[in-house]
Amino acid sequence: MKIVVIVLLLAILLLLGQALLRLIRGASEPMWQMLAWRAGLSIALFVLLLLSRYFIQ
């Protein structure tokens, strides 16, 4: 479980960094796609943590 959380956090940070680079370069469409993926992964991580707290006590 810890490895899954760490991998998801790293993926979120990677996508955030890529969106920042796209913002600096001026490409807005790929930036929004990266931010949308980051938001989706953040929500998935939050739900995963809630479910793990509920099922593993």
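As the structure is a prediction and not an experimental result, all values here were calculated from the model.

Calculation criteria
- Residues numbered from 1 in each chain as written.
- Predicted model: local features only at pLDDT ≥ 70, side-chain atom pairs only at ≥ 80, totals over all residues.
- Heavy atoms only, no water.
- Helix = DSSP H or I, 4+ residues; strand = E, 2+ residues; numbered from the N terminus.
- Buried < 20%, exposed > 50% of the residue type's maximum accessible area, 1.4 Å probe, protein only.
- Patch = residues over 30% accessible without salt bridge, like charges linked within 9 Å, V, L, I, M, F, W, Y side chains within 5 Å.
- Areas by Shrake-Rupley, 256 points an atom, 1.4 Å probe, with all protein chains shown as cover.
- Salt bridge = Lys/Arg side-chain N within 4 Å of Asp/Glu carboxyl O.
- Contact = heavy atoms within 4.5 Å.
- Phe/Tyr/Trp six-rings, centres within 6.5 Å; stacked < 30°, edge-to-face > 60°.
- Core = buried A, V, L, I, M, F, W, Y, C linked by side-chain atoms within 4.5 Å.

(A) Quick look at the overall build of the chain. Of the regular secondary structure elements, the chain holds 2 helices and 0 strands. Across its three principal directions, the C-alpha atoms of the chain cover 45 × 15 × 10 Å. The burial tally for the chain puts 18% of its 57 residues in the buried class.

(B) Highlighting a nonpolar patch on the surface. Residues Ile43, Phe46, Val47, Leu50, Leu51, Tyr54, Phe55 and Ile56 make up a contiguous nonpolar surface patch of about 900 Å² in total accessible area. By the secondary structure assignment, phenylalanine 46 is in helix α2 (residues 28-55). Residue classification places phenylalanine 46 among the exposed positions, given a relative accessible area of 52%.

(C) Quick look at the environment of methionine 1. Among the structural elements, methionine 1 can be located in the segment before α1 (2-25). What makes methionine 1 partly exposed here is its relative accessible area of 46%. Contacts of methionine 1, omitting those with residues within four sequence positions, involve Leu48 and Ser52.

(D) How the structure looks around the packing of aromatic side chains. Here the structure, examined in full by the defined rule, presents 1 aromatic pair. Between tyrosine 54 and phenylalanine 55, the aromatic rings sit 4.9 Å apart at their centres with planes inclined by 75°, giving edge-to-face as the arrangement. Note on accessibility: tyrosine 54 and phenylalanine 55 belong to one class, exposed.

(E) Structural context of the nonpolar core. Core analysis: the largest hydrophobic core is formed by 9 residues, namely Val5, Leu8, Ile12, Leu15, Ala19, Met31, Met34, Leu41 and Leu45. Broken down by secondary-structure element, the contributors of at least two residues to this core are α1 and α2. Counting residues per element, this core draws most heavily on α1, which supplies 5 residues.

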